[in-house]
Amino acid sequence: MDLQINQNFVDEIRERIEAEKFLLNEPMKEHTTFKIGGPADYLIFPSSIDEVAFIFRSLRKYDIPFVILGNGSNVLVLDRGIRGAVIKFDSPMSFIKRNDARITAGAGALLQDVSNFAVKNSLSGMEFACGIPGSIGGAVFMNAGAYDGEMKSIVEGVRAVSPKGEVTEFEVDDLDFSYRHSVFQKNGYAVCEVELKLIPGDKKNIEEKVAGFTKRRESKQPLEMPSAGSTFKRPEGYYAGTLIEQTGLKGFAVGGAEISVKHAGFVVNTGGATAKDVLELIRQVQQRVFEKNGVRLFPEVRILGEAE
């Protein structure tokens, strides 16, 4: 891979961002749940919305491309890595605050932590998210969902930063939510803060619902192995995992990438998997499922970075 370091950009960022929050040539396998991915030219962890706006203005000034990451749980970074910058939301942009039946969360807050906070405060509506391995910002970006719940049902507003470095408020009608889709997949804005509107409820009932979802998830999904979560979008009228299992592909592997023997909807990293392995596995699954069932599968995982 050909690293592209702009020293003027580096100097400008270092004047504002702490050294440990600004990394060069950083392997992305250390920052994704798949444990796969080559180096990013720049990896930056902003500490506030103002810092995000500053970073974006600098990126624009030096014409440097960028991608946004939350928990790195729904992405496959390619083996040559990412040219340009990765903006990753971590602490301290992981705050969670309550105002009556509303919760405001920083983009880096983990869904599980926000869900647990809602339970402790006897607020219902977020139980479905208790086991989704992502951040609140990434969940809004993807309109994440599970167990018949989706982010679009609880998001009331979003504070985001435009590629020009402008802080913008989005109301729910602006978000263009649909299945695994939001406006942020098209407009390049970075989700920084999310306001959720929940419903006061009985704490015991909420706890029981969360416990039920957690038990189902732990019994059926390969949470003990590195993965990017569900690999394929749900085709209309079908379940991807069921189609893959019916095609006889549970345990099918390419290199270190394998269709989970626990849940066929997941590709897992059994150790040392490359992005090339994963892409070839996805291609073969798509081909074989279509040949057997006439159904086309499309990846739900975001694929980022430079191809071979």
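Preceding this paragraph is the structure being described.
In this text the structure is predicted, and so the values were computed from the model without any measurement.

> Help me understand unusual backbone geometry in this model?
Most peptide bonds are trans, and most residues other than glycine sit at a negative phi. Residue Ser91 is joined to Pro92 through a cis peptide bond whose omega torsion reads 10°. With respect to the helices, strands and loops of the structure, Pro92 is situated in the loop between β5 (82-88) and β6 (96-99). Backbone geometry at Asp100 places phi at a positive 60°, although glycine is not the residue there. Of note, Asp100 is situated in the loop between β6 and β7 (102-106). Phi is positive for Asn143, close to 45°, though the residue is something other than glycine. Under the relative-accessibility criterion, Asn143 is labelled buried at 0%.

> What is the right way to read helix α1 (residues 7-14) from this model?
Buried within α1 we find Phe9, Val10, Glu12 and Ile13. Seen end-on, α1 carries its buried residues on one side only, within an arc spanning 165°.

> Can you walk me through the environment of Val268 in this structure?
Residue position: Val268 is located in strand β18 (residues 266-269). As for Val268 and Pro65, which are separated by 203 residues in sequence, their C-alpha atoms are 29 Å apart. Not counting chain neighbours up to four residues away, the residues in contact with Val268 comprise Phe34, Pro222, Met225, Pro226, Ser227, Gly256, Ala257, Glu258 and Ser260.

> I'm lost on the pattern of salt bridges in this one. Help?
Enumeration according to the criterion identifies 14 salt bridges in this entry. A salt bridge links Lys186 to Asp176; its shortest N-O distance comes to 3.1 Å. Separated by 10 residues along the polypeptide, Lys186 in helix α5 (residues 184-187) and Asp176 in the loop between β12 (167-171) and α5 bring together distant segments of the chain. Exposure remark for Asp176: the relative accessible area of 37% places this residue in the partly exposed category. One continuous salt-bridge network, built from bridges that share partners, spans Asp41, Arg80, Arg83 and Glu306.

> Is there a simple way to think about the packing of aromatic side chains in this case?
Any two aromatic rings considered together are summarised by their centre-to-centre distance and by the angle between their planes. One pass over the structure, following the stated rule, counts seven aromatic pairs. Between Phe9 and Tyr62 the ring centres are 6.2 Å apart and the planes differ by 70°, which places this aromatic pair in the edge-to-face class. Residue Phe9 is found in helix α1, and its partner Tyr62 is found in the loop between α2 (49-61) and β3 (66-69); the two are separated by 53 residues along the sequence. What makes Phe9 buried here is its relative accessible area of 0%. Summarising the aromatic geometry, the rings of Phe170 and Phe184 are spaced 5.1 Å apart at their centres and angled 70° between planes, so their arrangement reads as edge-to-face. One end of the pair, Phe170, is in strand β12; the other, Phe184, is in helix α5, and 14 residues separate them in sequence. Each member of the pair, Phe170 as well as Phe184, carries the same accessibility label: buried.

> Sorry if this is basic, but what is going on with the side chain of Ser182 here?
Among the secondary structure elements, Ser182 is positioned in the loop between β12 and α5. Side-chain polar atoms of Ser182 contact the backbone oxygen of Val140, separated by 3.4 Å. Within polar-contact distance, the side chain of Ser182 engages the backbone oxygen of Phe141 at 2.9 Å. Ignoring anything within four residues of it in the chain, the contact list for Ser182 reads Val140, Phe141, Leu175, Asp176 and Phe177.

> Help me out: how do you make sense of the sheet that holds β12 in this one?
In any sheet, the strands associate via hydrogen bonds between backbone groups, in a parallel or an antiparallel arrangement. Spatial ordering of the open sheet is given by β6-β7-β13-β11-β12, a layout of five strands whose pairing is antiparallel. Whereas interior strands pair on both sides, the edge strands pair on one side only; in this sheet they are β6 and β12. Averaged over all adjacent pairs, the angle separating strand axes in this sheet is 20°, with direction ignored. Summarising the sheet, β6 and β7 pair through four bridges and their orientation is antiparallel. Its bridge partner being in β7, Asn99 is matched across the sheet by Arg102. Against the sheet, helix α3 (residues 111-120) contacts β6, β7 and β13 (190-197), and its axis sits at roughly 30° relative to β6.

> How should I be thinking about the environment of Asn269 in this particular structure?
Following the sequence through the fold, Asn269 ends up in strand β18. Owing to a relative accessible area of 7%, Asn269 belongs among the buried residues under this scheme. Through-space distance from the C-alpha of Asn269 to that of Phe34 is 6.6 Å; in sequence the pair is 235 residues apart. A polar side-chain atom of Asn269 sits 3.5 Å from the main-chain amide nitrogen of Gly272. Here the side chain of Asn269 touches Ala273 through a polar contact of 3.1 Å, landing on its backbone nitrogen.

> Please explain the sheet that holds strand β1 (residues 22-27) as it appears in this structure.
Read across the sheet, four strands follow the order β1-β2-β5-β3 without closing on themselves; strand pairing throughout is mixed. Because the sheet does not close on itself, it has two edges, and the strands there are β1 and β3. Ignoring which end each strand starts from, the neighbouring axes of this sheet average 30° apart. By the bridge criterion, four bridges tie β3 to β5 in an arrangement that is parallel. Within β5, the position partnered with Leu69 by the bridge is Lys88. Along the sheet, α1 makes contact with β1 and β2 (39-44), crossing β1 at roughly 130°. Sheet strands touched by α2: β2, β3 and β5. Its angle to β5, the strand with the most contacts, is close to 165°.

Reading guide: rules and limits
- Residue numbering note: each chain is counted from 1, following its sequence as written.
- Local features in a predicted model are, by the rule used here, given only for residues with pLDDT of at least 70; side-chain atom pairs are given and counted only at 80 or more, and totals for whole chains, interfaces and linings are based on all residues.
- Side-chain calculation: all heavy atoms of the structure are included, whereas hydrogens and water are not.
- By definition, any uninterrupted DSSP run of H or I lasting at least four residues is a helix, any uninterrupted run of E lasting at least two residues is a strand, and each is numbered from the N terminus.
- Remark: exposure states derive from per-residue accessible area (1.4 Å probe, protein chains only) relative to the maximum for the residue type, with buried under 20%, exposed over 50%, and partly exposed in between.
- The directions from the helix axis to the C-beta atoms are what the arc is built from.
- It only takes one pair of heavy atoms within 4.5 Å for two residues to be counted as in contact.
- Salt bridge criterion: a side-chain nitrogen from Lys or Arg within 4 Å of a carboxyl oxygen from Asp or Glu.
- Aromatic pairs are defined between Phe, Tyr and Trp rings, using the six-membered ring for Trp, whenever the two ring centres lie within 6.5 Å; interplanar angles under 30 degrees are classed as stacked, those over 60 as edge-to-face, and all others as tilted.
- Here a polar contact means two N or O atoms within 3.5 Å. Within protein one must be a hydrogen donor candidate and the other an acceptor candidate, and residues neighboring in sequence count only if both atoms are side-chain atoms.
- For two strands to count as paired, DSSP must find a minimum of two bridges between them.
- Every axis corresponds to a line fitted to the C-alpha atoms, with the helix fit spanning only the stretch in contact, and the corresponding angles, defined between N-to-C directions, vary from 0 to 180 degrees.

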